[in-house]
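The residues making up each chain are set out below.
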Amino acid sequence: SGPRTGQIKPVEAQPGPSVMTSDVPPEEVDFIETPKGFRTPTKDIKSQAELDLFLRSNAATEFIQWLRNINNQVIGKKLSDEVTISPNVEKMLAVLQELKDWLKEVPPIEQPMRYGNKAYRTWHKKVKDNARNLMARILPAELEEASVEFGVYLFESIGNATRIDYGTGHELAFVQLLYCGARVGVFTADDAPALVLRVFDSYINLMRAVQRQYLLEPAGSHGVWSLDDYQFLPFYFGAAQLRNQQDMLPSCIHDKHLIKDLKKDYMYFAAIDFINQMKTGPFGEHSPILNDISGVKTWDKVNTGMLKMWRAEVLSKFPVMQHFRLGTIFQWPEPENDSKTTTTSSNSTTTTTTTTTTTEAKSTK
């Protein structure tokens, strides 16, 4: 059976309750009508003005709401907890494992400089050359052509071969891949815990293996004004895992023995442990923002604050978003026919915004 389809409906992003529970009901994204033609996603945000328009669009609102939804599905859950693994999730995990296996085929080469091992370009090229076929494995026959979009998000998520670097923008591309999967029905709301605790965690572990092997440079300065040189979302999802428990406060990240004991269960602690492995010196000096966050009293506040920070320091930064790719599944500006279609809906306020945003965006190009 093919993916469920339906008309796109604007989603109002609502702040989550101050206290979440681990049994938050899953939410489906609004399924899109299967596009008549897929295309290679392109870098369509050309200026800060266009980025500002994008951030006010339904496309951005729905994406952020989806991210919040999957975050809510892992509140109180450990990485070692049992989760339902659907066939499509299993296929995605197999793809990530294959990319990790390819690392064994491309060892680092001897070179004068310590960072940016040029063997990375060989591994990256292999992923890029095979990305579309790899992504076709998770797609039903009627969506096979969508591999042109999924494949780009896959190889964009593993770093930049020219600069031999990796950062939060590449991590963002992988989250786009998962979001597009949800948009076309490859992943369902019931897959949310597995998407975070299995698929995203496997991706993060893959990229840590890449960083260890090839010593990629950080993309931008200190993770583009962010938490860590390379990644952000393990801290967001990781804080969700730790919500509603009182035994381990955010300040416990300074206990290296505790972190080592708990990193197999919690993404946040695994991320801290990786930093401790890769950096030397006082934690407060090499990771000042994380050090400051360790003074927050509850994981609830850390988790909600992380989403605000991710939106401000990743999604709102033009140096990151100038590389953000959009296709037909994740599309902006919204097509004019979609704006006209939603004019007949009851949500006239949101519809007017959609039409105006589309027109303004075109006028800036």
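Residues numbered from 1 in each chain as written. Predicted model: local features only at pLDDT ≥ 70, side-chain atom pairs only at ≥ 80, totals over all residues. Heavy atoms only, no water.

Next up on the list: the pattern of salt bridges. Counting across every chain of the model gives 13 salt bridges. As a salt-bridge pair, R132 and E145 come within 3.1 Å of each other at their nearest N and O atoms. Of this pair, R132 sits in helix 4 (residues 119-136) while E145 is found in the loop between helix 4 and helix 5 (147-156), placing the two residues 13 residues apart along the sequence. For R132, a relative accessible area of 37% corresponds to the partly exposed category. A salt bridge links R325 to E156, with the shortest nitrogen-to-oxygen separation between them at 3.0 Å. Here R325 is found in strand 4 (residues 325-326), whereas its partner E156 is found in helix 5, with 169 residues between them in sequence. Owing to a relative accessible area of 17%, R325 belongs among the buried residues under this scheme. (Salt bridge = Lys/Arg side-chain N within 4 Å of Asp/Glu carboxyl O. Helix = DSSP H or I, 4+ residues; strand = E, 2+ residues; numbered from the N terminus. Buried < 20%, exposed > 50% of the residue type's maximum accessible area, 1.4 Å probe, protein only.)

In this section: the nonpolar core. F54, W123, Y268, F269 and W310 are the most contacted members of the largest nonpolar core, which has 111 residues in total. Broken down by element, the residue count for this core peaks at 14 residues, all from helix 7 (residues 192-214). Among all residues touching F269, those that are not within four sequence positions of it are L242, M248, C252, I253, I259, L262, K263 and W299. (Core = buried A, V, L, I, M, F, W, Y, C linked by side-chain atoms within 4.5 Å. Contact = heavy atoms within 4.5 Å.)

With that settled, consider unusual backbone geometry. Here the amide bond leading from W332 into P333 is cis, since omega sits at -5°, within 30 degrees of zero. The residue P333 is located in the loop between strand 4 and helix 16 (336-342) in this model. Positive phi outside glycine occurs at L215, with the angle close to 50°. Tracing the backbone through its elements, the reader meets L215 in the loop between helix 7 and strand 3 (217-218). A relative accessible area of 18% places L215 in the buried class.

Structurally, V296 can be placed in the loop between helix 13 (288-293) and helix 14 (299-315). With 47 residues separating them in the primary sequence, V296 and L249 have C-alpha atoms 8.4 Å apart. In contact with V296, not counting residues within four places along its chain, are P250, K301 and V302.

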